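# Descriptive analysis of the structure
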Amino acid sequence: MASSTSSSVPTLKGGCKYDVFLSFRGEDTRYKFVDFLYDALSRSKMLVFKDDEKLREGTEIRPELLEAIKGSTCAVVVLSKNYANSSWCLAELAKIMECRKHMGQLVIPVFYHVDPSDARGQKRDFDTAFKQLEQKILGTPSTFYKKFFIWLRTILIGNPGSPPEEKFEEEMDKVNEWRKALTAVSNLSGQHMTETGKVGESAIINKIVRSILDHIQPPVNMEKNLIGIKSHMNELESLLDLKATEKVRIVGIWGMGGIGKTTIARALFTRISCKFHGSSFLNDVRENGSNKRNICALQERILKDITDHEYQIRDPEEGAELIKIRFSKQKVLLVFDDVNDVDQLEFLPARHEWFSAGSRIIITTRDMHVLSPSCTDANSSYTDAIYKPPTLPKGQAIELFSRHAFQAKTPPKGYEELSDRAICYTGGLPLALKVLGSHFHGEQASVWDSALNRLAKRPEKKIYETLKISFDGLCDYDKEIFLDIACFFKGDDKESVTRKLDSFGLLAVMGINVLTKRSLITVSSGHIHMHDVLQEMGWEIVRESYPNSRLWQHEEIRGFKINKNPEAVKGIVQTWRYDEVGPSDAKVGFSADVFETMKNIRLLDIHGDFTSCKPTTLPNELRWLRWNEYRFSSLPEAGMDNLVGLEMHGGKVEHLWRGYKFMPYLKFIHLEHLDCIESSPDVSGAPIVERLTLSYCINLVEVHESLGTLRKLAYLNMSGCWNLKRLLSIIDMPLLETIDLSECFSLENFPEVSSGMEKLSNIYLNGCSNLKIIPRSICKLKSLKSLHLQDCDQLPEDMGSMKTLEELQLGFRDHIMAFQRRQPESINFHTLTKLCYLRKLDLCWRPIEDADFFNNLDGFSSLEELHLTGNWKLVQLPASISRLSRFKHLELNRCRKLQNIQGLPSGLQVLKASDCIALEKIEDLTKEYVWLHKIWLHGCDRLLENQENERYLDNMLQQSFLKKCAALDHVLSIAIPGNKIPSWFEEQRHGNQIALKLPPKCHTDIMGFVVCGVFQVKWPRTIGTTEIHFGVEINRMLICESKVDYCNESAATENESVWIAYIPFGFSQQQTYDGFKREDWSLSVTGNLIITSEFIDKNVVRCGAHIMYKEDVESVQQLCIPDYRPNSNIIRSFDDSFIYREKHV
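Residues numbered from 1 in each chain as written. Predicted model: local features only at pLDDT ≥ 70, side-chain atom pairs only at ≥ 80, totals over all residues. Heavy atoms only, no water.

## Things to note about helix H26 (residues 532–545)
In this model H26 runs 20 Å from its N-terminal to its C-terminal C-alpha over 14 residues, within 8% of the 20 Å that 1.5 Å per residue would give. Across the 14 residues of H26, 10 count as buried, placing the element largely inside the fold. Along H26, the residues that are buried comprise Val 533, Leu 534, Gln 535, Glu 536, Met 537, Gly 538, Trp 539, Glu 540, Ile 541 and Val 542. (Helix = DSSP H or I, 4+ residues; strand = E, 2+ residues; numbered from the N terminus. Expected span 1.5 Å × (residues − 1). Buried < 20%, exposed > 50% of the residue type's maximum accessible area, 1.4 Å probe, protein only.)

## Observations regarding the side chain of Gln 535
Note that Gln 535 resides in helix H26. Among the polar contacts made by the side chain of Gln 535, one reaches the side chain of Lys 490 at a distance of 3.3 Å. Sequence-distant contacts of Gln 535, that is, excluding residues within four places in its chain, are made with Ala 486, Lys 490 and Met 530. (Polar contact = N/O pair within 3.5 Å; in protein donor to acceptor, adjacent residues only side chain to side chain. Contact = heavy atoms within 4.5 Å.)

## Structural notes on the packing of aromatic side chains
Within the structure shown, the criterion is met by 22 aromatic pairs. An angle of 75° between the planes, with centres 5.3 Å apart, marks the rings of Tyr 18 and Phe 49 as edge-to-face. One end of the pair, Tyr 18, is in strand S1 (residues 18–23); the other, Phe 49, is in strand S2 (residues 48–50), and 31 residues separate them in sequence. Here Tyr 18 matches Phe 49 in class, with each residue buried. Here Phe 595 and Phe 610 contribute two aromatic rings whose centre-to-centre distance is 5.9 Å and whose plane-to-plane angle is 10°, an arrangement assigned as stacked. Of this pair, Phe 595 sits in the loop between helix H28 (583–586) and strand S15 (603–607) while Phe 610 sits in the loop between S15 and strand S16 (617–618), and the two are 15 residues apart along the sequence. Judged by its relative accessible area of 1%, Phe 610 falls in the buried class. These aromatic residues form a ring-pair network of at least three members: Phe 590, Phe 595, Phe 610, Trp 627, Tyr 630 and Phe 632. When the ring centre of Phe 281 is taken as origin, the NZ or CZ atom of Arg 266, which lies over that ring, is 3.6 Å away. Sitting over the ring of Trp 254, Lys 388 keeps its end group 4.8 Å from the ring centre. (Phe/Tyr/Trp six-rings, centres within 6.5 Å; stacked < 30°, edge-to-face > 60°. Lys NZ or Arg CZ within 6 Å of the ring centre and 35° of its normal.)

## Things to note about the confidence of the model for the protein
Per-chain confidence: the protein averages 80 in pLDDT, with 79% of residues scoring 70 or above. Confidence drops under a pLDDT of 50 for residues 374–380, and excluding neighbours within four residues, the segment shows four contacts in the predicted structure. Across residues 577–586, confidence stays below pLDDT 50; counting only partners more than four residues off in sequence or on other chains, it has nine contacts. (pLDDT = per-residue confidence, 0-100.)

## Some details on the sheet that holds strand S4 (residues 106–112)
In spatial order, the strands read S2-S1-S3-S4-S5; together these five strands make up an open sheet with parallel pairing. Edge positions in the sheet fall to S2 and strand S5 (191–193), since each of these pairs with one other strand and no more. Taking each pair of neighbouring strands and ignoring which way they run, the sheet shows an average axis angle of 20°. Here helix H3 (residues 63–70) sits on the sheet and contacts S1, S2 and strand S3 (72–79); the angle it forms with S1, its principal contact strand, is near 125°. Where helix H4 (residues 87–103) meets the sheet, it contacts S1, S3 and S4, and its direction lies at approximately 140° from that of S1. (Pairing = 2+ DSSP bridges. Axes fitted to C-alpha atoms, helices over the stretch in contact; angles between N-to-C directions.)

Have a look at this one:
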């Protein structure tokens, strides 16, 4: 890059020939720091002037150097020990500082193994250098006289020149100028590199390069026009980890068509390409890489972009090998846009081992399979990270739509509601926003309304055709799955959908995986979701290409006639919402023989009076039947030969069928709330049933003996059958994993369990209060992990032998149930300490005083949760509890004799000890337990009688304690006795509602919200819920009383407590599918954040609120809470709002 000939260097923008001029003392740094710096700058595609020693011949600085300094945008001055010994260096420095003064040149000093103060004040090595320089100019007296006589002789000859005194003054002025330049440059902000410093040369070089890049390359204008691009850039730069120059990283950008993948990749490429030796952006690899010849052309283009040489490649393998050779020693940036086939990446440079350290590769695709071709082998992934761009939040969606519809940032008056309708239809998809906005540009409001009504029924072709590309690339099975989800299963439980699709023979697991990777569906919280635009595209495909194959809209079902090709029907799903149609409107009333001509129907999901009378038959091809509120006493005898799943909820059915019915493919039976059924069906003709549910059939009194013949049964649920007294005498089902008989209040005996039931892991008998016998055979189960015996009088005699147990519930729901039941006195609770795998133990309302049990709690080596609520005999916690290394959760509510809480396990996260009326001593929980994020001590009023306890309680309300959880983005919940809202809550007021004025653009800075409330407990106390509603109201009057100091109020009255909670902004995004987006608040710059606290069993007296900002927690040490599982829920509510909900005792 360096050159001594100005004509050979192209002129840069702004008239400069060079980006950087390097000024340094060669003998100190040329083959050390300066070479590394030069290399780093050159690799960042900067033109750097690093002078050659040949330019320093002679005593005067050559014009080429002066021109190079003047023609550079930036200068880096490396001040080393011998820098001032060189008049060349000092002359360069003087010129550099002159250019800085008059031309605004960026100057970065680097103090290389010297103290900046020495250079600034010309001390030590610099002082010596200048003295030597001055002495050289002044010389000795004999030298001066010799110069004088030479000058005198030249006068006689006739060419006198300047006298020695004038030359001396000129030289000294120059030295003084150099001194000033050295002082000036030393006063600038720069980099200090010491010989023993902790910061290495590479880190300092990176800082210098970054500073220069920021100076010579201001933000690209194109980014200013891209709405929401900043968040994408920040996320991708983080994933690319550009600072990690020692490794190669490959990052995928994956998302549905129209989300903006190419736009994001192009903006990122423009921003960072200057940091690499070479770069190439290959757009539309899908289209341009469809065959070998096209692949070769792409390889040629990559090589041309980076090496600036033409290549002719005849074979993809040859091109791949050439790329490996050329790029193995170069730091490059490559973008492969819209890749749709793994084979394309086989011959394009998309492997880590092909590149030099520091290289970055970006791949955009709609298909996850391209980025991670094998789901079973993690090492097969092409990428180190995958970024999935989210749809635009509401504020940005409005701006993008308005830009195309109105050429403005917001809709004009009269178009706000119409714009909201259009934006809601697009779901924040950038492509859809652009197309719709452009479509409506310049149209009257009446045209908008008409078009939106039509659009709701039929998507615009541009959107449709664009999104349909992904659908067209699917195989026939996957197309069927996509259309079934679009018409029938959107939002449904993934496991349930998988069963139904498998019953159709569609290989559901593979198909759902394919659709997910192609961004046609998403799976979140166990449910399948699909974008509205994609769903309507699916509807359109059905209407155009598969008419009448799927009927799901009420009007279509009601209007369907037999002469409309009934053989085409594959599925009918009758949706019914009470808020849309009334019960009378829901009656379809087809004739009894309606199903006889539907030869190919596989799914029937209907309810009520779908037929006017009992159907004569159900099709043999039917695979899944769900008929809720069935009005007839039994199902038809004919048909259903291939049925796989049967679901019924409510209705008048008395029996499914009479006697034996051969159903060889039936696997799933789910019957709920069938109040007329008295006996379970004969299932001897359905030998492969895997799941059987007969829950809340309150009049069921007997179980057919054929139940015992189901050798493939894995799940049995007969919970809520209140009148069921007996199940079977013995259970011998080798594949059974779960049996649930909860709330079978009349059940007297649990059956014996055969020794061959090695998979049985969950038994739920909660509420079976009439059980007289629990057989010992339960204790011999080898895989039993969960045993729930809540509200049961009878307990197994040898519970200590159940070595595999992980969860054991032996408590009662409440004190009423506990006092009503007969408490056995022969239970040996100390035997439970043998359960070394037990993670959760519930002994609520069991008055245990077994000293052996409490003294040996450390026998529970795996225990994480212990519930001792209502133990009225517990006086103090045993010392053994402190030795539980995995312990996280302790509940001691209403332990009326408990006097102190001390010596808890160090990893404790949750402590609930409300209404412990004798509690008079606690320790400082804020200091001893760093993971503790939930503390409930309300109702423990005796704690206020001790000053030390009061100090510990006050510590829980300190802002510093709150900041710990804020720094981790974790929920914090504290309830303690008292009536003081801390003074650091800027906003406080009476009642349960408060408003906070949101500062402009606060959504980028907010970490979360701290809410505080003083409440009075209502009696009798019940199990209730705390809810905090967050919402924005525009132009509402601010109703808060700022900076009200409640700290000087009188002592807390009885039953009054303070509750304080921290709710992170990001917590809602973790808990909901659509998420509460931080950016949604950007619309509320002129509005108020309305916070409402609601306590189901409490009266809120006062409340306060505080916003926690990022800057508040920057200095807080961040510790990650291990295995953090908040016991709270956040649900999405209305526009620009969410609800924080917490269940409490």
